[in-house]
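Working through the structure, step by step
These are the residues of each chain, in order.
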Amino acid sequence: LDYYLGDFRYDLDALQDTSVPCAALISYEDIYVEREFSEETARLLGDKCVVWITNEFQHSGLRDCPKKVFETLLAMSKGESGVPS
């Protein structure tokens, strides 16, 4: 099953239930991406995708606070840290 977003093609079967650990920051009130779409994408990736939903950052969280966001997501993806509260 393929999904197209502009010129990009995503193979949903390949993404589903990934074996690769990953983490995502989802901004609760993101002005560019609907939270529900991000949550749906994380569910597609499966149990290896850890999600951090927060109001602390907007869409530009990685640019605004790169050290905190990157280190937190990396630790979450490695299972070294839980989801921040």
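No experiment lies behind these values; they were computed from the predicted model shown.

The next thing to look at is the pattern of salt bridges. For the coordinates displayed, the defined rule picks out 4 salt bridges. Across the pair Glu-39 and Arg-35 runs a salt bridge, and its minimum N-O distance is 3.5 Å. Taken together, the residues Glu-39 and Arg-35, both in helix H2 (residues 35-45) and 4 residues apart, mark about one turn of the helix. Its salt-bridge partner being Lys-68, residue Glu-56 comes within 2.6 Å of it at the nearest N-O pair. Within this pair, whereas Glu-56 is found in the loop between strand S4 (49-54) and helix H3 (61-64), its partner Lys-68 is found in helix H4 (residues 66-78), the two being separated by 12 residues in sequence. Classification of Lys-68 as partly exposed rests on a relative accessible area of 38%. Through salt bridges with shared partners, a single network forms among Arg-35, Glu-36 and Glu-39.

In this section: the layout of surface pockets. As a volume, the largest pocket reaches approximately 440 Å³. Looking at side-chain class alone, the lining of the largest pocket contains 12 nonpolar, 7 polar and 1 charged residues. Here the second largest pocket defines a volume of roughly 270 Å³. What lines the second largest pocket is simply Tyr-3, Leu-5, Tyr-10, Leu-12, Leu-15, Phe-37, Glu-40, Thr-41, Leu-44 and Leu-45. Mapped onto the lining of the second largest pocket, the elements with two or more residues apiece are strand S1 (2-5), helix H1 (12-15) and H2.

The next thing to look at is the nonpolar core. Formed by Trp-52, Phe-57, Val-69, Leu-73 and Met-76, the largest nonpolar core amounts to 5 residues. What Trp-52 contacts, discounting residues up to four positions off in sequence, is Ala-24, Leu-25, Ile-26, Phe-57, Val-69, Thr-72, Leu-73, Met-76, Val-83 and Pro-84.

As enumerated under the stated definition, the model contains 1 aromatic pair in all. A centroid spacing of 5.8 Å and a plane angle of 85 degrees characterise the contact between Trp-52 and Phe-57, whose relative ring orientation is edge-to-face. Both residues of the pair, Trp-52 and Phe-57, belong to the buried class. Over the face of the ring belonging to Tyr-28 we find Arg-35, whose NZ or CZ atom lies 4.0 Å from the ring centre.

Calculation rules
Residues numbered from 1 in each chain as written. Predicted model: local features only at pLDDT ≥ 70, side-chain atom pairs only at ≥ 80, totals over all residues. Heavy atoms only, no water. Salt bridge = Lys/Arg side-chain N within 4 Å of Asp/Glu carboxyl O. Helix = DSSP H or I, 4+ residues; strand = E, 2+ residues; numbered from the N terminus. Buried < 20%, exposed > 50% of the residue type's maximum accessible area, 1.4 Å probe, protein only. 1 Å grid on protein atoms, 1.4 Å probe; cavity = no way out; pocket = protein on both sides within 12 Å on 5 of 7 lines; lining within 4 Å. Points joined across faces, edges and corners; volume = space filled by probe spheres on them. Nonpolar A, V, L, I, M, F, W, Y, C, P; charged D, E, K, R; others polar. Core = buried A, V, L, I, M, F, W, Y, C linked by side-chain atoms within 4.5 Å. Contact = heavy atoms within 4.5 Å. Phe/Tyr/Trp six-rings, centres within 6.5 Å; stacked < 30°, edge-to-face > 60°. Lys NZ or Arg CZ within 6 Å of the ring centre and 35° of its normal.

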